[in-house]
Amino acid sequence: MAQAKKPPLRKCVVTQEMKPKKELIRVVRNKEGEVFVDQTGKKNGRGAYVSKSLEVINKAEQQQSLNRHLNTKVDASVYEELKRVIEGKDS
(Lines give C-alpha, C1' and ligand atoms only; values in the text may rest on other atoms or scores of the structure.)
Protein backbone atom coordinates (compact mmCIF):
# COMPACT_ATOMS: atom_id res chain seq x y z
CA MET A 1 0.00 0.00 0.00
CA ALA A 2 1.14 3.51 -0.79
CA GLN A 3 1.32 5.82 2.18
CA ALA A 4 -0.01 9.36 1.99
CA LYS A 5 2.81 11.87 1.66
CA LYS A 6 3.52 13.94 4.74
CA PRO A 7 3.41 17.68 4.15
CA PRO A 8 6.89 19.28 4.27
CA LEU A 9 7.48 20.95 7.64
CA ARG A 10 9.50 24.10 8.21
CA LYS A 11 10.40 26.01 11.38
CA CYS A 12 9.23 29.57 11.99
CA VAL A 13 12.30 31.68 12.87
CA VAL A 14 10.31 33.67 15.45
CA THR A 15 8.15 31.12 17.30
CA GLN A 16 10.44 28.10 16.65
CA GLU A 17 7.32 26.02 15.81
CA MET A 18 7.41 23.35 13.14
CA LYS A 19 4.50 23.93 10.74
CA PRO A 20 3.49 22.77 7.26
CA LYS A 21 5.23 24.84 4.60
CA LYS A 22 1.88 26.20 3.36
CA GLU A 23 1.21 27.87 6.73
CA LEU A 24 4.43 29.91 6.54
CA ILE A 25 5.80 32.73 4.40
CA ARG A 26 9.34 32.49 3.02
CA VAL A 27 11.69 35.47 3.03
CA VAL A 28 14.76 35.09 0.79
CA ARG A 29 18.21 36.68 0.50
CA ASN A 30 19.72 36.01 -2.92
CA LYS A 31 23.40 36.09 -3.97
CA GLU A 32 23.16 39.79 -4.83
CA GLY A 33 22.12 40.51 -1.24
CA GLU A 34 18.53 41.46 -2.09
CA VAL A 35 15.92 40.47 0.50
CA PHE A 36 12.36 39.84 -0.65
CA VAL A 37 9.19 37.87 0.13
CA ASP A 38 8.97 34.61 -1.83
CA GLN A 39 5.33 33.57 -2.10
CA THR A 40 6.13 30.63 -4.39
CA GLY A 41 8.62 29.15 -1.92
CA LYS A 42 10.93 28.16 -4.78
CA LYS A 43 13.23 31.12 -5.45
CA ASN A 44 16.99 30.65 -5.15
CA GLY A 45 18.77 31.94 -2.08
CA ARG A 46 18.88 31.59 1.67
CA GLY A 47 15.38 31.37 3.06
CA ALA A 48 13.78 31.98 6.42
CA TYR A 49 10.19 31.07 7.25
CA VAL A 50 7.76 33.21 9.26
CA SER A 51 4.25 32.29 10.46
CA LYS A 52 1.30 33.99 8.74
CA SER A 53 0.41 36.18 11.71
CA LEU A 54 0.71 39.94 12.19
CA GLU A 55 1.82 39.37 15.79
CA VAL A 56 4.68 37.16 14.61
CA ILE A 57 5.74 39.66 11.91
CA ASN A 58 5.79 42.48 14.46
CA LYS A 59 7.80 40.32 16.86
CA ALA A 60 10.27 39.44 14.07
CA GLU A 61 10.73 43.14 13.35
CA GLN A 62 11.33 43.98 17.02
CA GLN A 63 13.71 41.08 17.65
CA GLN A 64 15.52 41.41 14.30
CA SER A 65 15.03 37.64 13.77
CA LEU A 66 15.24 37.84 9.98
CA ASN A 67 18.47 39.85 10.18
CA ARG A 68 20.09 37.02 12.14
CA HIS A 69 18.81 34.19 9.97
CA LEU A 70 19.52 35.85 6.64
CA ASN A 71 22.86 37.34 7.77
CA THR A 72 21.98 40.78 6.43
CA LYS A 73 20.05 43.96 7.26
CA VAL A 74 16.36 43.45 6.41
CA ASP A 75 14.70 46.66 5.22
CA ALA A 76 11.42 47.85 6.77
CA SER A 77 9.76 47.53 3.34
CA VAL A 78 10.13 43.72 3.59
CA TYR A 79 8.15 43.72 6.85
CA GLU A 80 5.51 45.96 5.22
CA GLU A 81 5.23 43.52 2.30
CA LEU A 82 4.85 40.60 4.75
CA LYS A 83 2.01 42.45 6.48
CA ARG A 84 0.30 43.14 3.13
CA VAL A 85 0.56 39.45 2.17
CA ILE A 86 -1.02 38.38 5.47
CA GLU A 87 -3.81 40.96 5.28
CA GLY A 88 -4.57 39.83 1.73
CA LYS A 89 -4.74 36.18 2.84
CA ASP A 90 -6.90 36.84 5.93
CA SER A 91 -9.61 38.79 4.14
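For the structure, check the block above.
The present account deals with the structure reproduced in this document.

Definitions and cut-offs
- Residues numbered from 1 in each chain as written.
- Predicted model: local features only at pLDDT ≥ 70, side-chain atom pairs only at ≥ 80, totals over all residues.
- Heavy atoms only, no water.
- Pairing = 2+ DSSP bridges.
- Helix = DSSP H or I, 4+ residues; strand = E, 2+ residues; numbered from the N terminus.
- Axes fitted to C-alpha atoms, helices over the stretch in contact; angles between N-to-C directions.
- Buried < 20%, exposed > 50% of the residue type's maximum accessible area, 1.4 Å probe, protein only.
- Salt bridge = Lys/Arg side-chain N within 4 Å of Asp/Glu carboxyl O.
- Arc of directions from axis to C-beta.
- Polar contact = N/O pair within 3.5 Å; in protein donor to acceptor, adjacent residues only side chain to side chain.

## Describing the sheet that holds strand S5 (residues 46-51)
Strand pairing in a sheet relies on backbone hydrogen bonds. The paired strands run either parallel or antiparallel. Overall, antiparallel pairing links the 3 strands, which are arranged S4-S3-S5 in an open sheet. At either margin of the open sheet sits one strand with a lone partner, and together these are strand S4 (35-38) and S5. Looking at each pair of strands side by side, their axes are set apart by 30° on average, direction ignored. Both strand S3 (residues 24-29) and S5 contribute to a ladder of 6 bridges, which runs antiparallel. Paired with Leu24 across the strands is Ser51, a residue of S5.

## Topic: unusual backbone geometry
If a residue is not glycine, its phi is most likely negative; likewise, a peptide bond is most likely trans. Notably, Gln64 is not glycine yet its phi reads approximately 60°, a positive angle. The phi dihedral of Asn71 falls on the positive side, at around 55°, and the residue is not glycine. Relative to the helices and strands, Asn71 is located in the loop between helix H2 (65-70) and helix H3 (76-90). For Asn71, a relative accessible area of 56% translates into the label exposed.

## Quick look at the pattern of salt bridges
Per the counting criterion, the structure on display carries 4 salt bridges. Close ionic contact of Asp38 with Arg26 constitutes a salt bridge, the shortest N to O distance being 2.9 Å. With a gap of 12 residues between them, Asp38 in strand S4 and Arg26 in strand S3 connect regions that are remote in the sequence. With relative accessibility at 2%, the residue Asp38 sits in the buried group. Overall, Arg26 belongs to the buried group, its relative accessible area being 10%. Here Lys83 makes a salt bridge to Glu80, at a shortest N to O gap of 4.0 Å. One end of the pair, Lys83, and the other, Glu80, are both in helix H3, 3 residues apart, so they sit about a helical turn from each other. The exposure class of Glu80 is partly exposed, given its relative accessible area of 38%.

## Looking at helix H1 (residues 54-63)
Residues of H1 that are buried include every one of Val56, Ile57 and Ala60, and no others. Along the long axis of H1, the arc covered by the buried residues comes to 100°, so they all point the same way. For H1, the exposed residues lying more than 90 degrees away from the buried face are Glu55 and Gln62. In this structure Ser53 caps H1, since a side-chain oxygen of it lies 3.3 Å from the backbone nitrogen of Glu55.

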